[in-house]
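Per-entry structural report
What follows is the residue order along each chain.
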Amino acid sequence: MKQHGRVVAVFCLVLAMAIWGSSFIALKLAFLEVAPHWVIFARMALGSVVFLLAWRWRGRIDARPGDWKYLLGLAACEPCLYFIFEALALQHTSASQAGMITALLPMLVAVGAFTFLKERISRGTLAGFLLAFVGAIWLSLASESDRHAPQPLLGNFYELLAMLCATGYTLLLKHLSARYSVFFLTALQAFVGSLFFLPLAWLASPLPPAVSPQGLGAMVYLGIAVTVGAYGLYNFGVSRLPASQATGFINLIPVFTLVFAMIFLGERLATMQLLAAALVFAGVALSQWGSTAPAPAGVLD
């Protein structure tokens, strides 16, 4: 039964990575017609509606004194700060390059666990982190401006900041998932995201007079498939597996993103960029080799 639960968690994580990989393409398409803050608000608001309709199935909520700061930190990291940096990134770099930067997340989580949870990092993990970081820098420096990536270096830097936010989110999620259901934590993100991005969108830019079916479909997809589906699947997987193992699946996002970007956006990577991407994957693989499991949930108390 335990092995069956692990298989289900792995399947959920792989599916979540595929949906997240496609989200870069959906965001690119939506940003062509609607200002980024309105796109993020729309996806969060739509996700909130879905969660409100299904609230009766919210699951366990074992609140404890002091949890509010962890819940607030969770929502602040993602969706609030994460999507600000993600939106900035995709205005300046290509979907495929942004997806490649996500390969750094497993190592960032390992470093975060070492810093805040006092977990030991092996030499292999540290070497892998440095190798992948060099690969990500190389990928950015090897980029050339085009219609998909007008300022790739700046865009990739914003994507790195988004990954730092995702690191904080993952560590807090692992801590809270022992007492709060996946449904509740995912719904919290959607509700807080809606309240956070509405005033930003209202002040930043006007609503477009019209949106094409493609743009509207992209936002609906982001709101339901990504905000509800991918985050729900990822949160479920993190709640069932050690954080370091669960975040290892993030390495699949660049693969899915590259495939989807080539199919739907016609994006291509130059030879030097492909070599840099290979260096990122090599670093990720090295960091996962013989890595130890993280401390159990609750060590932040």
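Scroll up for the structure.
Residues numbered from 1 in each chain as written. Predicted model: local features only at pLDDT ≥ 70, side-chain atom pairs only at ≥ 80, totals over all residues. Heavy atoms only, no water.

Some points on the overall build of the protein chain
Looking only at helices and strands, one finds twelve helices and zero strands in the protein chain. Helices and strands appear in the protein chain in the N-to-C order α-α-α-α-α-α-α-α-α-α-α-α. By residue count, 53% of the 301 residues in the protein chain fall in the buried class. For the protein chain, the computed accessible surface area is about 13,600 Å², with 73% contributed by carbon and sulfur atoms. (Helix = DSSP H or I, 4+ residues; strand = E, 2+ residues; numbered from the N terminus. Buried < 20%, exposed > 50% of the residue type's maximum accessible area, 1.4 Å probe, protein only. Areas by Shrake-Rupley, 256 points an atom, 1.4 Å probe, with all protein chains shown as cover.)

Focus: the layout of surface pockets
Once rolled over the atoms, a probe with the size of a water molecule shows which space is left empty. In this structure, the largest pocket occupies an estimated 210 Å³ of space. Lining the largest pocket, in full, are K28, F31, L32, L90, Q91, R147, H148, P150 and L265. (1 Å grid on protein atoms, 1.4 Å probe; cavity = no way out; pocket = protein on both sides within 12 Å on 5 of 7 lines; lining within 4 Å. Points joined across faces, edges and corners; volume = space filled by probe spheres on them.)

Regarding the nonpolar core
W20 and Y234 are the most contacted members of the largest nonpolar core, which has 83 residues in total. Considering each element in turn, this core owes the most residues, 14 residues, to helix α1 (residues 2-31). Contact partners of W20, with chain neighbours within four places excluded, come to V226, A230, Y231, Y234, I250 and I253. If you look at the next biggest cluster of nonpolar residues, it comprises five residues, including F51, A54, F183 and A187. (Core = buried A, V, L, I, M, F, W, Y, C linked by side-chain atoms within 4.5 Å. Contact = heavy atoms within 4.5 Å.)

Looking at a nonpolar patch on the surface
Judged by side-chain polarity, F133, I137, L141 and L153 come together as a nonpolar surface patch covering roughly 380 Å² of accessible area. The element that contributes the greatest number of residues to the nonpolar patch is helix α6 (residues 123-141), accounting for three residues. With respect to the helices and strands, L153 occurs in helix α7 (residues 152-176). (Patch = residues over 30% accessible without salt bridge, like charges linked within 9 Å, V, L, I, M, F, W, Y side chains within 5 Å. Salt bridge = Lys/Arg side-chain N within 4 Å of Asp/Glu carboxyl O.)

What to know about empty space enclosed by the protein
Summed over all chains, the structure comprises four cavities of 30 Å³ or more. Of the volumes computed, that of the second largest cavity is approximately 190 Å³. For the lining of the second largest cavity, the secondary structure elements donating two or more residues are α1, α3 (67-92), α7 and α9 (213-240). Considered class by class, the residues forming the lining of the second largest cavity number 13 nonpolar, three polar and three charged. (Nonpolar A, V, L, I, M, F, W, Y, C, P; charged D, E, K, R; others polar.)

A short note on the packing of aromatic side chains
Any pair of aromatic rings gets described here by the distance separating the centres and the angle formed by the planes. Tallied over the full model, the rule gives 15 aromatic pairs. A centroid spacing of 5.2 Å and a plane angle of 85 degrees characterise the contact between F51 and F183, whose relative ring orientation is edge-to-face. Of the two residues, F51 is situated in helix α2 (residues 36-53) and F183 in helix α8 (residues 182-204); the sequence distance between them amounts to 132 residues. Among the residues examined, F51 registers a relative accessible area of 4% and is labelled buried. (Phe/Tyr/Trp six-rings, centres within 6.5 Å; stacked < 30°, edge-to-face > 60°.)

Quick look at the side chain of E78
With respect to the secondary-structure elements, E78 resides in helix α3. Here E78 sits buried without a salt bridge, and the closest side chain of opposite charge, R43, lies 7.5 Å off (N-O distance). Residues within four places of E78 in sequence aside, it is in contact with A166, Y169, Q189 and Y231. (Lys, Arg positive; Asp, Glu negative; His and termini not counted.)

A closer look at α2
Count 3.6 residues to each turn of an α-helix, and residues three or four apart come out pointing the same way. Look at α2: 26 Å from first C-alpha to last across 18 residues, which is about the 26 Å you get at 1.5 Å a residue. The set of residues buried in α2 consists of P36, W38, V39, I40, F41, R43, M44, G47, S48 and F51. (Expected span 1.5 Å × (residues − 1).)

A short note on the environment of R123
Along the chain, R123 falls in helix α6. Considering only alpha carbons, one finds R123 and L286, 163 residues apart in sequence, at a separation of 9.8 Å.

Considerations on the packing of α2 against α9
Look at α2 against α9: their axes get within 8 Å of each other, and the N-to-C directions meet at 55 degrees. Considering their axes alone, α2 and α9 lie oblique with respect to each other. In this structure, α2 crosses over α9, and the sense of that crossing is right-handed. Between α2 and α9, the residues in contact are V39, A42, R43, M44, L46, G47, V50 and F51 and M219, V220, L222, G223, I224, V226, T227, V228 and Y231, respectively. Residue classes in the contact of α2 with α9 are distributed as 13 nonpolar, three polar and one charged. (Axes fitted to C-alpha atoms, helices over the stretch in contact; angles between N-to-C directions. Parallel < 35°, antiparallel > 145°, perpendicular 65-115°, else oblique. Left-handed = near helix turned anticlockwise from the far one by under 90°.)

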